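Observations on the three-dimensional arrangement
The chain contents come next:
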Amino acid sequence: MLAETLAGPEIPWLDLGWALTLLAGTSLLLIIGAIVPRWRKGLYATFTALTAVVSFVFLVILWGRVTDDGMASAIADSIAFDHFAVFSLVAVLVSVFLTVLVTDGYLRREEYDGPEMYALYLTAALGASVMIVANDLIVLFLGLETLSLSLYLLAASHRRRTESQEAGLKYFVLGGFASAFFLYGIAFIYGASGATKLPAINDALRGSIDVNSNDALLLVGIGLLIVGFAFKVSAVPFQVWTPDVYQGAPSPVTGFMASAGKVAAFAALVRVLIVALPSRVDDWQPVIWVLAVLTLVGGSVMAIVQTNVKRMLAFSSISHAGFILVGVEAAAHTDSTDAVSSVVVYLFLYTVLVIGSFAVVTAVSGRGDDATSLEDLRGLARRRPMLAVALTVFLIAQAGVPVTSGFIAKFGVITASVDAESYALAIIAMLAAVIAAYLYLRIMVSAWLADSTDDIPIEVPTGLGIAVSFCVVFTIAVGVFPGWLLTLADKATTFLGA
Amino acid sequence: MIAASGAAVSFPALSLLIILPIIGSVLVALLSERRAEYVKLAALLTSVATGAISLWVLAAFETHDAGFQFVSRHPWIEPWGISWHLGIDGISLFLVVLTGVLFPLVIAGIDPHHDEKRYLAWLLLLEAGVMGSFLSLDLVLFFLFFEIVLVPMYFLIGGWGYDNRIYAATKFFLYTMFGSAFMLVGIVATALLARNDLGYVTFDLVTLAEKSSFATDTARWLFMSFAIAFAVKVPVFPLHTWLPDAHTQAPTGGSVILAGVLLKMGTYGFLRFGLYLFPEAAVWARPLFLTLATIGIIYGAIAATMQTDLKRLVAYSSVAHLGFIVLGTFAFTDQALTGGVMQMVNHGVSTGALFLLVGMIYERRHTRVIAELRGLQQVAPIFAAAFMVVMLSSIGVPGLNGFVGEFLILIGSFSTARWWVVIAATGVILAALYLLWAYQRVFHGEPDEANSSFAELKPREGALLAVFIAAIVFTGLYPKPMLERIEPSVKKLIEHVEERSDYTQPEIEHSEGEG
């Protein structure tokens with residue numbers, strides 16, 4: 001047996017090309033970055049963006065190689081390749097690509113340009129990717145920690161801002177706590193099922209359904225696992241860290257956390273619940289229902305009294321997490337794959353929206369990254385009309401107004417929920433969207449309708465301009481012609497066949 | 001049913017009605033602010049072209065065909081069964097024409113005080129949204145336009161309105177979105193539940209209405225989810241509180257559009273999506289909506305009487321007038337419904353013109369407080385005469401358009417909703433009370449110092465009003481062309497309701513036929 005382990009599993013190098021690219025990019029950045037004193041302007045960002053592009057090419061190849069009928073596993077079943085994973089991975093790479101474009105100008109404005117941030121983006125993306133493909137709870141935990149540690153550092157990376165330090169420390173302490181919950185949950189589930197691989201857990205549990213049996217061990221495990229996930233996706237009541245961290249972290253990093261971090265956590269959550277725990281759906285489905293309602297209502301209501309745009313967007317991201325939970329809840333009910341595809345579509349579209357929003361905030365925040373209150377947005381329409389237009393597009397999309405990607409995202413989730421006959425949840429979600437709309441309207445009022453108090457010019461670096469333009473075009477294009485994305489996403493649910 | 005009528009359409013007129021304003025809006029947004037004259041010209045040209053197409057549609061419309069005409073249908077979001085499905089029938093025809101004509105008038109006749117470029121861009125986008133709402137025959141497409149309208153209207157009120165504009169704009173946005181929240185869930189549920197009958201998911205209105213059936217209770221829930229959205233939009237008492245604020249704070253152009261066509265999206269929605277999709281549930285909900293409509297009529301009238309602000313008075317009169325339209329809708333007789341459709345257009349013309357006049361008063365006097373105005377008749381007799389005609393039309397004096405619609409509604413509702421009508425009819429008297437009283441206070445008497453310099457109607461304002469007054473008088477004296485286009489579609493709708501519920505419309509003597 002020992003010999004067998006030592007022989008090592010077979011590794012499909014080509015199929016792992018995307019991950020290896022990220023790893024290589026990180027190493028090169030750190031090593032060459034340390035040897036060569038200072039790269040030319042924009043080169044760090046270009047290099048990182050290229051890494052993301054190469055990684056994306058590998059994913060395109062992988063998408064073609066993944067079969068339509070269920071998931072293929074690799075490296076002794078510890079990771080899974082399916083369209084669901086590839087689709088989510090693409091979302092993570094899009095997030096890296098756009099964030100890098102935004103970060104370039106930011107770092108030069110804040111005068112701490114260097115390879116470290118970019119390397120951390122890549123390691124975070126790697127961690128997120130591992131979470132997405134993890135087919136084993138231990139591997140999932142490795143990915144989670146890689147992602148989390150990178151994010152702690154990214155949040156604290158602005159050394160001259162105490163808020164950034166504070167955000168990093170808060171995130172670290174609370175995140176460590178959540179990781180402990182998560183790990184403890186894995187231990188309990190292992191205790192109950194004797195396995196850590198997701199399909200094996202399912203096999204073990206499926207065989208043992210017995211009304212009189214004592215499921216306490218397993219239920220505690222599931223509960224702890226969900227707490228860990230809920231923290232990562234900032235579901236109420238585990239959201240307390242979110243506003244502080246989002247506000248304190250450097251603005252481009254906030255966009256990255258809200259996109260890549262959420263994609264990874266939700267993808268992993270869906271995979272664990274659907275692949276490993278379908279036999280206990282009656283136990284975890286009500287938990288998700290309650291979490292969804294609390295998150296929807298809590299996120300929207302708490303946003304009302306905020307006056308800082310980054311905090312407002314933090315609460316809005318909480319409310320979006322609630323919407324995605326609605327999709328997860330629907331996935332529990334139906335055998336229909338629509339719910340899962342609605343979740344990945346939502347994550348993908350939200351990624352672009354949230355990075356775009358925070359890119360605008362990055363531009364407005366000015367030197368020092370401090371001008372992020374509603375007051376600072378006043379008169380944006382006069383100071384930078386195109387930026388105001390872009391912000392408006394992102395905000396009305398987040399409010400779910402038609403002809404934007406946000407509507408497509410919400411429509412998908414609501415359809416899934418109605419299909420699962422969770423009418424109450426669908427209506428609560430839509431009403432929460434109305435409350436949340438108030439928040440977006442307040443931001444728009446500042447940008448358009450209020451007169452400017454000061455006329456500090458707003459600089460828009462090239463990279464940021466490109467990123468914002470891309471996000472705007474994408475938001476509207478998907479709003480008008482969503483067919484192609486939906487068709488792709490429909491394939492992205494094949495892991496259910498496992 | 002779905003097939004287009006005989007008039008072979010060589011070009012997609014209805015799609016153009018939506019796309020042209022969008023093109024105009026983008027064009028206006030892209031043009032440089034420094035070339036103000038080009039901006040205005042671009043806006044005017046696209047809106048006039050849209051208006052011309054709407055008039056062409058009116059001319060080419062087959063008078064006695066009850067079905068949908070000029071149908072244009074293309075798959076749009078295929079994975080979800082959503083299609084770009086447009087069509088027009090007697091119920092939507094005049095609303096489309098009203099929209100097509102009203103926008104160029106507003107663009108040509110009313111200047112915003114600042115940022116004309118943005119104002120015009122929003123206005124054109126609004127036109128596309130309103131057109132789309134009246135033309136859509138796909139539930140999601142309709143929802144899309146119904147909802148998108150909020151954005152330009154929000155910015156128009158918030159950007160160019162009066163003192164309390166941001167409060168009013170936000171209230172307007174959130175109220176309407178609140179209603180739509182239920183409707184979206186209802187729309188999705190309708191399509192998914194109809195899958196049992198159809199075997200596939202479609203949001204196509206005609207297919208859903210003709211080929212699917214829902215369990216009685218289900219249909220009632222679904223109907224109510226749609227009804228909330230429409231009731232907010234109309235607005236039906238007690239969901240009306242956004243309206244006085246939005247109307248009063250909106251710039252004149254915005255008020256004219258809001259009263260003229262935007263509110264009709266609610267009443268139109270009841271007909272097209274409420275009655276057509278869920279006939280049995282609509283019959284079931286009759287007492288509720290008749291009661292709310294009647295309360296709205298009386299409440300709106302009394303509240304209007306109490307107003308000290310002239311614009312707010314007109315806004316409350318809208319609540320009352322729309323109550324009549326809802327009453328006509330839920331009376332379920334050919335006459336009442338025809339009157340209701342007609343009154344939608346009439347109210348758009350008369351109240352639109354009233355807001356225009358109030359706007360002109362504000363331009364001159366910078367106040368809308370009734371107590372500060374007096375004796376305007378002496379200094380501006382032509383202005384006063386124009387106001388008088390429009391006001392009489394709003395009251396519903398015979399010979400003007402308001403009478404035809406209101407009379408048809410009352411007479412048509414009498415057989416099926418007698419006691420409601422008895423109460424509602426007093427609303428007609430109250431309308432005379434508050435409008436005449438307001439007229440008396442504003443126009444009669446000796447003008448004091450502030451009012452003695454009140455300027456007479458300018459040629460441009462006069463030309464603008466002349467269009468409205470011509471429509472008021474023409475419809476009042478010769479309503480037949482309108483009625484004979486509306487009636488077939490209304491009859492068909494009532495038949496559809498009768499087929500699918502145990503309701504039958506009482507027989508009426510034919511001599512009463514046309515009001």
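Residues numbered from 1 in each chain as written. Chains lettered and ligands numbered in written order. Predicted model: local features only at pLDDT ≥ 70, side-chain atom pairs only at ≥ 80, totals over all residues.

1. With respect to the overall build of chain B
Quick note on the threshold: Each helix is a run of DSSP H or I of at least 4 residues and each strand a run of E of at least 2, with the numbering of both proceeding from the N terminus. In this description the radius of gyration comes from C-alpha coordinates, and the expected globular size is given by 2.2 Å times residues to the power 0.38. Three exposure classes are used, all based on how many other C-beta atoms lie within 10 Å of a residue's own C-beta (placed from the backbone): buried at 20 or more, exposed at 12 or fewer, and partly exposed between those limits. What counts as a contact is two residues whose backbone-derived C-beta atoms lie within 7 Å of each other.
Across its full length, chain B holds 22 helices and two strands. Relative to the globule expectation of 24 Å for 515 residues, the C-alpha radius of gyration of chain B, 22 Å, shows essentially globular dimensions. Out of the 515 residues in chain B, the part that is buried amounts to 61%. Counting only contacts in chain B whose residues sit at least 6 apart along the sequence, the fraction spanning at least 24 positions is 80%.

2. Section: the overall build of chain A
Within chain A one finds 21 helices and two strands. For chain A, the C-alpha radius of gyration of 22 Å lies close to 23 Å, the compact-globule estimate for 498 residues. Overall, chain A is about 70 × 55 × 40 Å in size when its C-alpha atoms are taken along their principal axes. Residues classed as buried in chain A amount to 61% of the 498 residues present. Across chain A, contacts joining residues at least 24 apart in sequence account for 81% of those joining residues at least 6 apart.

3. A word on the packing of helix α16 (residues 334–365) of chain B against helix α21 (residues 459–477) of chain B
All names here are of chain B. Worth spelling out the cut-off: Convention adopted: a line fitted to C-alpha atoms gives each axis, helices being fitted over their contacting stretch, and angles between N-to-C directions are expressed from 0 to 180 degrees. By definition in this entry, angles of less than 35 degrees are roughly parallel, angles greater than 145 are roughly antiparallel, angles of 65 to 115 are roughly perpendicular, and the rest are oblique. Should the near helix be turned anticlockwise from the far one by less than a right angle, the crossing is termed left-handed; should it be turned clockwise, right-handed. Three classes are used: nonpolar for Ala, Val, Leu, Ile, Met, Phe, Trp, Tyr, Cys and Pro, charged for Asp, Glu, Lys and Arg, and polar for all others, with Gly counted as polar.
Remark: α16 packs on α21, axes separated minimally by 10 Å, with the N-to-C direction vectors making an angle of 155°. Taken as axis vectors, α16 and α21 run roughly antiparallel relative to one another. α16 and α21 meet at a crossing whose hand is left-handed. Residues N346, V349, S350, G352, A353, L356 and M360 of α16 form the contact with α21, whose participating residues are E461, L464, L465, F468, A471, I472 and T475. Across the contact of α16 with α21, the residue classes break down as nine nonpolar, four polar and one charged.

4. Re the interface of chain A and chain B
On the chain B side, the residues contacting the 26 residues of chain A number 25 residues. Of all the secondary-structure elements, those providing two or more residues to the side of chain A that touches chain B are α18 (405–419), α19 (423–449) and α21 (483–491) of chain A. Considering each element in turn, the side of chain A that touches chain B owes the most residues, 13 residues, to α19 of chain A. When the residues that make up the side of chain A that touches chain B are grouped by side-chain class, the tally is 21 nonpolar, three polar and two charged.

5. Remarks on helix α3 (residues 90–109) of chain B
We count it as follows: Expected span of a helix, by definition, is 1.5 Å for each gap between consecutive residues, and there is one gap fewer than residues.
The terminal C-alpha atoms of α3 of chain B, which comprises 20 residues, lie 29 Å apart, in line with the 28 Å expected from a rise of 1.5 Å per residue. With 18 of 20 residues buried, α3 of chain B is to be regarded as a mostly interior element.

6. Things to note about the packing of helix α7 (residues 165–198) of chain B against helix α9 (residues 216–233) of chain B
Residues and elements named next belong to chain B. Two elements in contact, α7 and α9, have axes whose closest approach is 8 Å; the angle formed by their N-to-C orientations is 150°. Here α7 lies roughly antiparallel to α9, going by the angle between them. The interaxial crossing formed by α7 with α9 has left-handed handedness. Contacts between α7 and α9 involve Y175, T176, F178, G179, S180, F182, M183, V185, G186, A189, T190 and L193 from the first element and T218, L222, S225, F226, I228, A229, A231, V232 and K233 from the second. Of the residues that constitute the contact of α7 with α9, the class distribution is 13 nonpolar, seven polar and one charged.

7. Points about the environment of F237 of chain B
Residue and element names in this part refer to chain B. Take F237: it is sitting in the loop between α9 and α10 (242–249). Residues F237 and G323, 86 residues apart in the sequence, show an inter-C-alpha distance of 8.3 Å. For F237, the contacting residues outside a window of four places in its chain are L292, I295, G296 and Y299.

8. Focus: the pairing of strand β1 (residues 69–77) of chain B
Residue and element names in this part refer to chain B. Put simply, the rule is: At least two bridges found by DSSP between two strands are what make those strands a pair.
In this structure, β1 lies alongside strand β2 (residues 82–88), joined through six bridges in antiparallel fashion. Note on β2: the bridge partner recorded for H74 is W84. Here β1 folds back onto β2 in antiparallel fashion, the turn holding four residues, of which G81 has a positive phi close to 70°.

9. Concerning the nonpolar core
What counts here: For the purposes of this analysis, a nonpolar core is taken to be any set of buried Ala, Val, Leu, Ile, Met, Phe, Trp, Tyr and Cys residues that are connected through C-beta atoms within 7 Å.
Counting residues in each nonpolar core, the largest one holds 402 residues, and the members touching the most others are A125, M131, A264, V343 and A429 of chain A. Residues within four places of A264 of chain A in sequence aside, it is in contact with V92, A128, M131, I132 and L147 of chain A.

10. A few points about the environment of L464 of chain B
Residues and elements named next belong to chain B. If you trace the backbone, L464 turns up in helix α21. Exposure remark for L464: the 20 C-beta atoms within 10 Å place this residue in the buried category. Remark: the alpha-carbon pair of L464 and V234, spanning 230 residues in sequence, is separated by 26 Å. Apart from the residues within four sequence positions on either side, L464 is in contact with L105, G109 and L356.

11. So, the confidence of the model for chain B
As a reminder, the rule being used: Within a predicted model, pLDDT stands for the predictor's per-residue confidence, ranging from 0 to 100.
Residues at a pLDDT of 70 or more form 97% of chain B, whose mean pLDDT is 88. Contacts of residues 1–9 of chain B to residues separated by more than four positions or lying in other chains number 18 contacts, the stretch itself having pLDDT below 50.

12. Concerning unusual backbone geometry
In this chain, V236 of chain A is followed by P237 of chain A through a cis amide linkage whose omega measures 10°. Tracing the chain through its elements places P237 of chain A in the loop between α9 (216–232) and α10 (241–248). Note the cis peptide between F237 of chain B and P238 of chain B, where omega equals 0°. Of note, E111 of chain A is a non-glycine position whose phi angle comes to about 55°, a positive value. Residue position: E111 of chain A is located in the loop between α4 (83–110) and α5 (115–133). On the neighbour-count criterion, E111 of chain A (8 C-beta atoms within 10 Å) is exposed. Phi angles above zero are rare outside glycine, and H366 of chain B is one such case at about 55°. Following the sequence through the fold, H366 of chain B ends up in the loop between α16 and α17 (376–379). Take H366 of chain B: there are 9 C-beta atoms within 10 Å of it, and that puts it in the exposed class.

13. A closer look at helix α12 (residues 281–303) of chain A
All names here are of chain A. Its 23 residues give α12 an end-to-end C-alpha distance of 32 Å, which sits within 8% of 33 Å, the value for a rise of 1.5 Å per residue. Three or more residues of α12 are buried, namely W284, I288, W289, L291, A292, V293, T295, L296, G299, S300 and A303. Residues of α12 that are buried in the fold lie against α9, α11 (251–276), α13 (309–333) and α19.

14. Remarks on the environment of F289 of chain B
All names here are of chain B. The topology assignment puts F289 in helix α14 (residues 286–306). C-alpha of F289 to C-alpha of L137: the two residues are 152 residues apart in sequence and 24 Å apart in space. Each residue touching F289, except ones within four places of it in the same chain, is listed here: V326 and F330.

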